[in-house]
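Summary of the model geometry
Here's the letter readout for the chains.
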Amino acid sequence: MSDRSPSVPLSEVMGRFGTLGGHVRDHLHRRNLRATPARIVVMGVLAGAPGADRRDRAPAPSATFAVPGHLTVLGLQRAIADLAIPFDSTTIYRAVTTLQDVGLVHHVAIRDRAARYGLSDPAHHHAICTDCGTLRSIPAERLAGLLETVVDLADLEPPACGALTLHGRCRACRTAERTTCADVPGSGEGK
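Bear in mind the structure is a predicted one, so any value in this text is a computation, not a measurement.

In terms of regular secondary structure, the protein chain is built from 6 helices and 6 strands. Reading the protein chain from its N end, one meets helices and strands in the order α-α-β-α-α-β-β-β-β-α-β-α. For the protein chain, the accessible area works out to roughly 10900 Å², and carbon and sulfur atoms hold 53% of it.

Laid out in structure tokens, this is it:
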């Protein structure tokens with residue numbers, strides 16, 4: 001039995017993704033890339049994926065927003081399998097790597113978890129809760145001043161998207177901890 005993905009006709013992929021497939025094809029051509037079925041499917045799935053890998057229990061601050069999918073390669077593989085498109089993980093990984101190399105996709109490293117991949121447009125950076133793993137996106141224009149400071153201090157010019165990843169604890173996790181401490185006798189909290 002072959003480990004290779006069966007050939008998937010481009011016309012089938014374009015038919016499934018409709019107008020979105022056309023936009024993806026145009027993006028690929030502008031980057032001088034062939035519009036292969038795997039590349040179109042990966043970008044199409046990321047464009048249609050839920051707004052983030054969110055497990056937050058509180059509303060996101062207004063300075064953040066949900067962007068289309070930040071998925072692991074396994075998450076992409078599952079989403080593609082749900083569409084009944086037969087690509088193996090190697091084909092998906094190669095497509096993601098190529099798309100990342102040309103800047104259409106970026107990755108987010110989350111400590112001991114698998115890297116997540118997302119579209120680079122709209123330009124954004126990331127905030128990750130170190131407790132619950134919630135991933136939020138911050139519009140790049142909101143961090144423009146900070147990036148100018150980085151250029152001045154470090155003599156580095158970071159890419160417009162995905163370069164900054166802020167780590168900390170979200171409001172929901174901070175609130176949950178205070179509630180838990182207040183319930184513990186002798187903790188000194190809540191008195």
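With burial as the criterion, each face of strand β3 (residues 116-119) is covered, one bearing Arg116 and Gly118 and the other bearing Tyr117 and Leu119. Inspection of the sheet shows strand β1 (residues 70-71) paired to β3 by 2 bridges, in the antiparallel sense. Its bridge partner being in β3, leucine 71 is matched across the sheet by tyrosine 117.

By secondary structure assignment, the location of valine 73 is in helix α3 (residues 73-82). In sequence terms valine 73 and threonine 90 are 17 residues apart; their C-alpha atoms lie 9.4 Å from each other. Beyond its immediate stretch of four places on either side in the chain, valine 73 contacts Ser89, Ile92, Tyr93 and Tyr117.

On to the sheet that holds β1. As summarised here, the arrangement of the 3 strands in space is β1-β3-β2, forming an open sheet in which the pairing is antiparallel. Edge strands, defined here as strands with exactly one partner in the open sheet, are β1 and β2 (105-108). Relative to β3, helix α2 (residues 37-48) is tilted by about 85°, and along the sheet it contacts β1, β2 and β3.

In space, the 3 strands of this open sheet follow the order β5-β4-β6, with mixed pairing throughout. Looking along the sheet, the strands with just one partner apiece sit at the ends: β5 (135-139) and β6 (165-168). Direction aside, neighbouring strands of the sheet carry axes that sit 25° apart on average. Pairing geometry for strand β4 (residues 124-129) and β6, over 4 bridges, is parallel.

Attention now moves to unusual backbone geometry. Even without being a glycine, asparagine 32 presents a positive backbone phi close to 60°. With respect to the secondary-structure elements, asparagine 32 resides in the loop between α1 (10-30) and α2. Asparagine 32 sits in the exposed class, given a relative accessible area of 73%. The residue alanine 84 is not glycine, and still its phi comes out positive at about 60°. Along the chain, alanine 84 falls in the loop between α3 and α4 (89-101).

This part takes up the side chain of threonine 36. By secondary structure assignment, the location of threonine 36 is in the loop between α1 and α2. Of the residues examined, threonine 36 reaches a relative accessible area of 14% and is grouped as buried. Within the structure, threonine 36 has its side chain in polar contact with the backbone nitrogen of arginine 39 (distance 3.2 Å).

Glancing now at the confidence of the model for the protein chain. Low-confidence regions, as indicated by low pLDDT, have predicted coordinates that should not be scrutinised in detail. Scored by pLDDT, the protein chain comes out at a mean of 76, with 77% of its residues at no less than 70. Taken element by element, the protein chain is modelled with least confidence in helix α6 (residues 171-183), mean pLDDT 72, and with most confidence in α4, mean pLDDT 91. For residues 52-67, every residue scores under 50 in pLDDT, and the model assigns this stretch 44 contacts once sequence neighbours within four places are set aside. Considering only residues more than four positions removed or in separate chains, one finds that residues 184-191, a stretch of pLDDT under 50, has 5 contacts.

Direction vectors running N to C along α1 and α2 enclose 80°, while the axes themselves pass 9 Å from each other. With respect to their mutual orientation, α1 and α2 come out roughly perpendicular. Across the interface between the two elements, Leu10, Val13, Met14, Phe17, Leu20, Gly21, Val24 and Leu28 of α1 pack against Pro37, Arg39, Ile40, Val41, Met43, Gly44, Val45 and Ala47 of α2. Of the residues assigned to the contact of α1 with α2, the class counts are 13 nonpolar, 2 polar and 1 charged.

About the criteria used
- Residues numbered from 1 in each chain as written.
- Predicted model: local features only at pLDDT ≥ 70, side-chain atom pairs only at ≥ 80, totals over all residues.
- Heavy atoms only, no water.
- Helix = DSSP H or I, 4+ residues; strand = E, 2+ residues; numbered from the N terminus.
- Areas by Shrake-Rupley, 256 points an atom, 1.4 Å probe, with all protein chains shown as cover.
- Buried < 20%, exposed > 50% of the residue type's maximum accessible area, 1.4 Å probe, protein only.
- Pairing = 2+ DSSP bridges.
- Contact = heavy atoms within 4.5 Å.
- Axes fitted to C-alpha atoms, helices over the stretch in contact; angles between N-to-C directions.
- Polar contact = N/O pair within 3.5 Å; in protein donor to acceptor, adjacent residues only side chain to side chain.
- pLDDT = per-residue confidence, 0-100.
- Parallel < 35°, antiparallel > 145°, perpendicular 65-115°, else oblique.
- Nonpolar A, V, L, I, M, F, W, Y, C, P; charged D, E, K, R; others polar.

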